[in-house]
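Residue strings, one per chain:
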Amino acid sequence: MTKPMPEKPTVDGLEDVWGPVWEQDGTYRFDRAAAGDRSNVYSIDTPPPTASGSLHIGHVFSYTHTDLKARYERMRGKHVFYPMGWDDNGLPTERRVQNYYGVRCDPQLPYDGTFVPPFEGGDGKSSKAADQVPVSRRNFIELCERLTVQDEQQFEHLFRTLGLSVDWTQSYRTIDDTSRASAQRAFLRNLERGEAYQADAPTLWDVTFRTAVAQAELEDKEMPGAYHGIAFHRTDGGDDVVIQTTRPELLPACVALVAHPDDERFQDLFGTTVRSPLFDVEVPVLAHHLAQKDKGAGIAMVCTFGDTTDVVWWRELQLPNRAIIGFDGRVRSDEPAWIESEGGKALYAEMAGKTVFSAKKVVVDALTESGDLVGDVKTINHPVKFFEKGDKPLEIVSTRQWYIVNGARDEQLKDTLRKRGEEIAFHPDFMRVRYDNWVGGLSGDWLISRQRFFGVPLPVWYPLDADGNPVYDQPIVPTEAQLPVDPASEPAPGHSEDQRGVPGGFQGELDVMDTWATSSLTPQLAGKWETDPELYGLVYPYDVRPQAQDIIRTWLFTTVLRSQLEADTVPWKHASISGFIVDPDRKKMSKSKGNVVTPLSILEQHGADAVRYWAASSKLGTDAAFDPQNPKQIKVGRRLAIKVLNAAKFVYGFPLPEGATSVTEPLDVDVLAELGTVIEQATAAFDAFDHARALEVTERFFWTFCDDYLELVKERAYGTATESTHETQASAVLALRAAIDALLRLLAPFLPFATEEVWAWTHETSVHRASWPTVAELPTQAEPTGLLAAVGQALIGIRGAKTAAKASQKTPVTRAVVAAPAETRALIERAAVDLAAVGRIENLSFTDGAELAVTEIELAEQQA
């Protein structure tokens, strides 16, 4: 049913008008029955935003890019599978719950069914654990569930306001029963195939959150430090060996000195031993190619563990593990067995229980007193590894963790993953190198276990031997039919709850999976893997994965990995990578930097179409600056949306002349020919994932259409132009209607609300279910001649002459002469009637000239 054309169209409030209509009509619903088979489907592996707080303007930016492609493919006749997930498990949610409710999780506490949090609505800033009320794990998870649901509702409201053409019936949560079962099923299959394993190994550890951190979650931060020269004493009595280190507090954890095998300075030292100062522990001097000749003293102290290079040396040189840093980031209190000297034991006792910073002072003071601190302490700034969400430098501790193979130690798998990357079309292509570099630089398998609470539990239990010790290499696992399970609260299969923790009984795994271990399965989660084979067959492998560039190493890579391990295929054909939003100072917007702009107020102030226009103006992979105080592009977008309403109202104001069947006039033919070129260019751009180019060519033509063509033909369309006939009037109206009909569909992905409003004035169904325009549907398929551009330039000249004479544009012209090169003149003469009508020219003539210009003009009231 068509909608009456309003007297004064407005873009304000269109979101509230059309959002409910689209939902009621199922405009964007995926119809699997109508789809038939996979060839008719366009499936999108939509990023599930983290439900921990509020969305920012960067989400609006990147999710609009996805929506543009979804709308285009739908209009091209595809049945678009466009789901939305919510990534609600993991550390960001836990932090938000802690701050929002003023609580912290203590797994040792019993569940309190009457618990009420001390407050709701914390400001989101970090708070000290001492000020937070401890609650049981179950109480804590209930609060996580409660808050994420609230956040997801706010997110959905914003996305609906933005006009995302998501099928909201295809939503999922990464912590719901189905997702937990899918993640656990995938893990159990990894385990069965030997792709998942557990090991005691050096682990990057965040001391604040007390959890292991994977390689993909690291970031380097420049931190102040200092090189300390420390003298090791040769066992054979030779000269001391001086090393330079930024971590003297790890001296009691030293296991070797290492230099490059080609470094001539240390050839006589290789194969000998030295003794550490203060602690008097004998350690070997070894050669390894990772030692840097030009760094520090050229010879390094290997400690367990100061950094990731220490881990490599420890593993490849088969050194002992003498770790002294505990899970809390402090020096462990138990006395190391390898320190035998009384002085060393006493000094270690002084260090025990201290933070690494306090322990460093103890060691440096002792070195100074003993004379083993050589030279001046040299201050530096150097990169230090942090958990991307953490506030303190990471430590490396020895823990038992679960891993999934990722090619770091398997060259065949690594090569396969490289080749899978080649099968994926990256948009833009230069983003591919990030994937390739990540695969090539992997240094360890994927650590997936986390010592957290709100996540997907690792579905394993361990039998306890007769002494009550867990037998880790004989895990008890559930059947797939029993999933999802929580080993922390459910007994192991074949056991009863009263056997928990009892010799001969079982122990449940308390760790949960890394959030990426679930998010890496978003194609499976959205497509209902194993639970709805028909749907899964229609959508998998997906057509596209849209995402941000900074998580290529995490989300994109791990999804490729899981797809390879489970299905021996790529998860999607294309990867579209959006750029970042930067502030006016060109700094990336992020919550941690405090420069994030929340988008709802921007949407309410300017309208969704205007905001979408701003987002669509940027190519994939390109960063965009945003100034909330002066959003110029958004204002341009709003002006465009308003113009669409007004131009369409103007066109539809011309009744179609009776018997109008064909476009005959040269100017009408040419405008449709130009439009045909625009359709071809916009179609090619969208096919190439270049929405910005599609918008550019469409918008440029639209303004030419409004500023030039509408002005040039309106008198003829009204039937009031000199020499106007029924046929010439019909030609103008047919061309106007054909052009606006095509332009509305070309602009529909960018301005869904304004175009839907206009479309409803003359059509029964949604513009977003209409077909994408084609050249073949236009009333004429002539080649462009340049007539519209030439006449438009002449019109500008006539208007300019009137302006120079300080006359109104409505002032009649007694005589005007337009000069132009012969070829251009021949073009303009074909539209002389229209040009004379719009310029109100009584006598229009043409002459030859070097360039197009109005050489003479005589106004009815004055001459110029």
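Residues numbered from 1 in each chain as written. Predicted model: local features only at pLDDT ≥ 70, side-chain atom pairs only at ≥ 80, totals over all residues. Heavy atoms only, no water.

> Which residues make up the overall build of the chain, and what values do they have?
From N to C terminus, the chain includes 25 helices and 29 strands. Counting only residues that meet the buried cut, the chain has 55% of its 864 residues in that class. Counting contacts in the chain only where the partners sit at least 6 residues apart, residues at least 24 apart contribute 78% of the total. Counting only carbon and sulfur atoms, one obtains 49% of the accessible surface of the chain, whose full area is about 36200 Å². Here the chain holds 88 positive side-chain charges and 125 negative ones, and the gap between their average locations is 3 Å. (Helix = DSSP H or I, 4+ residues; strand = E, 2+ residues; numbered from the N terminus. Buried < 20%, exposed > 50% of the residue type's maximum accessible area, 1.4 Å probe, protein only. Contact = heavy atoms within 4.5 Å. Areas by Shrake-Rupley, 256 points an atom, 1.4 Å probe, with all protein chains shown as cover. Lys, Arg positive; Asp, Glu negative; His and termini not counted. Charge placed at Lys NZ, Arg CZ, Asp CG, Glu CD.)

> Which residues make up the sheet that holds strand E28 (residues 841–848), and what values do they have?
In spatial order, the strands read E28-E27-E29; together these three strands make up an open sheet with mixed pairing. Taken across any chain shown, the strands that pair with only one partner, and hence form the sheet edges, are E28 and strand E29 (853–859). On average, each strand axis in the sheet is tilted by 15° relative to the strand beside it, whichever way the strands run. Across six bridges, strand E27 (residues 813–820) lies against E29 in antiparallel orientation. Considered in E29, the bridge of Val-813 is made with Leu-859. Packed on one face of the sheet, helix H23 (residues 787–804) meets E27, E28 and E29 and runs near 45° to E29. (Pairing = 2+ DSSP bridges. Axes fitted to C-alpha atoms, helices over the stretch in contact; angles between N-to-C directions.)

> How would you explain the pairing of strand E23 (residues 542–548) if you had to name every residue and give the values?
E23 sits mainly inside the fold: six of its seven residues count as buried. Note: E23 against strand E24 (residues 572–578), six bridges, orientation parallel. Across the sheet, residue Gln-547 finds its bridge partner in E24, namely Ile-577.

> Explain the side chain of Arg-452 residue by residue, including any values.
Along the chain, the position of Arg-452 falls in the loop between strand E19 (449–450) and strand E20 (461–463). Among the polar contacts listed, one links the side chain of Arg-452 to the side chain of Glu-94, at a separation of 2.4 Å. Beyond its immediate sequence surroundings of up to four residues, Arg-452 is in contact with Leu-91, Glu-94, Gln-98, Phe-209, Thr-211, Leu-510 and Val-512. (Polar contact = N/O pair within 3.5 Å; in protein donor to acceptor, adjacent residues only side chain to side chain.)

> Break down the pattern of salt bridges for me, citing the residues and quoting the values.
Note that side chains of opposite charge can pair when their charged atoms are close. Per the counting criterion, the structure on display carries 61 salt bridges. Here Asp-67 and Arg-71 are joined by a salt bridge, their closest N and O atoms 2.8 Å apart. One end of the pair, Asp-67, and the other, Arg-71, are both in helix H3 (residues 57–75), four residues apart, so they sit about a helical turn from each other. Judged by its relative accessible area of 0%, Asp-67 falls in the buried class. A salt bridge links Glu-480 to Arg-189; the shortest N-O distance between them is 2.9 Å. Of this pair, Glu-480 sits in the loop between E20 and strand E21 (506–508) while Arg-189 sits in helix H6 (residues 177–192), and the two are 291 residues apart along the sequence. (Salt bridge = Lys/Arg side-chain N within 4 Å of Asp/Glu carboxyl O.)

> Let's hear about the packing of aromatic side chains: which residues, and what values?
Aromatic ring pairs: the centre-centre distance and the angle between the two ring planes describe each pair. Within this structure, the stated rule accounts for 31 aromatic pairs. The interplanar angle of 85° and the centroid separation of 4.9 Å between the aromatic rings of Tyr-72 and Trp-772 together place this pair among those described as edge-to-face. One end of the pair, Tyr-72, is in helix H3; the other, Trp-772, is in the loop between helix H22 (752–759) and H23, with 700 residues separating them in the sequence. You can call Tyr-72 buried: its relative accessible area is 0%. A relative accessible area of 3% means that Trp-772 is categorised as buried. A ring pair is formed by Trp-86 and Phe-159, whose centres lie 6.4 Å apart and whose planes are at 10°; its orientation type is stacked. Linking Trp-86 in strand E3 (residues 84–86) with Phe-159 in helix H5 (residues 137–162), this pair joins segments that are 73 residues apart in sequence. (Phe/Tyr/Trp six-rings, centres within 6.5 Å; stacked < 30°, edge-to-face > 60°.)

> Tell me about the sheet that holds E24, and please be specific about residues and values.
Across the sheet, which stays open at both edges, the three strands sit in the order E17-E24-E23 with parallel pairing between neighbours. Either end of the sheet is taken by a strand with one partner, and the two such strands are strand E17 (425–427) and E23. This sheet shows a mean twist of 20° between the axes of neighbouring strands, independent of strand direction. Where E17 lies against E24, three bridges are found, and the strand directions are parallel. Across the sheet, Ala-425 pairs through a bridge with His-574, a residue of E24.

> Account for helix H10 (residues 411–423), naming residues and giving values.
Taking 1.5 Å per residue as the helical rise, H10 with its 13 residues ought to reach 18 Å, and the 19 Å between its terminal C-alpha atoms agrees with that figure. Those residues of H10 lying buried are Leu-413, Lys-414, Leu-417, Arg-420 and Gly-421. All buried residues of H10 lie within an arc of 115° about the axis, which places them on one face of the element. In H10, those exposed residues whose orientation departs by more than 90 degrees from the buried face are Glu-411, Gln-412 and Glu-422. Its buried side turned inward, H10 meets E17, helix H11 (432–440) and helix H15 (552–567). (Expected span 1.5 Å × (residues − 1). Arc of directions from axis to C-beta.)

> Any chance you could break down the environment of Gly-444 for me, citing the residues and the numbers?
Looking at where Gly-444 falls in the secondary structure, it is placed in the loop between H11 and strand E18 (446–447). Along the sequence, Gly-444 and Val-312 sit 132 residues apart, while their C-alpha atoms lie 9.9 Å from each other.

> Would you mind going over the state of the cysteines in detail, with residue names and values included?
By definition, a disulfide links the sulfur atoms of two cysteines through a covalent bond. Under the criterion given, the structure shown has zero disulfides. Cys-254 carries a free sulfur, and the closest cysteine sulfur to it, the one in Cys-303, is 5.0 Å from it. Taking the relative accessible area as the measure of exposure, Cys-254 reaches 2% and is therefore buried. (Disulfide = S-S within 2.5 Å.)

> Describe in detail the environment of Leu-620, supporting the description with residues and values.
Mapped onto the elements of the fold, Leu-620 is located in the loop between helix H17 (608–616) and strand E26 (624–625). Sequence separation of Leu-620 and Ser-578 is 42 residues, and the distance between their C-alpha atoms is 4.7 Å. Ignoring sequence-local partners within four residues, the contact set of Leu-620 consists of His-65, His-427, Pro-428, Ser-576, Ile-577, Ser-578, Phe-689 and His-691.

> Just give me the short version of the packing of helix H18 (residues 632–652) against helix H21 (residues 726–747), but keep the residues and values in it.
At their nearest, the axes of H18 and H21 sit 10 Å apart, and the two run at 155° to each other. With respect to H21, the element H18 is oriented roughly antiparallel. Like other packed secondary-structure pairs, H18 and H21 cross with a definite hand, here left-handed. Residues Val-644, Ala-648, Val-651 and Tyr-652 of H18 touch H21, and the partners they reach there are Leu-736, Arg-737, Ile-740, Leu-744 and Leu-747. For the contact of H18 with H21, the per-class residue count stands at eight nonpolar, no polar and one charged. (Parallel < 35°, antiparallel > 145°, perpendicular 65-115°, else oblique. Left-handed = near helix turned anticlockwise from the far one by under 90°. Nonpolar A, V, L, I, M, F, W, Y, C, P; charged D, E, K, R; others polar.)

> So what's going on with the packing of H10 against H15? Which residues, and what values?
Packing of H10 against H15 brings their axes to within 10 Å, and their N-to-C directions diverge by 115°. The orientation of H10 relative to H15 falls into the category roughly perpendicular. In the crossing of H10 with H15, the sense of the turn from one axis to the other is right-handed. Contacts from Leu-413, Thr-416, Leu-417 and Arg-420 of H10 reach H15 at Phe-557, Val-560, Leu-561, Gln-564 and Leu-565. Here the contact of H10 with H15 is composed, by residue class, of six nonpolar, two polar and one charged.

Bear in mind that shape data such as this cannot, by itself, settle questions of function.
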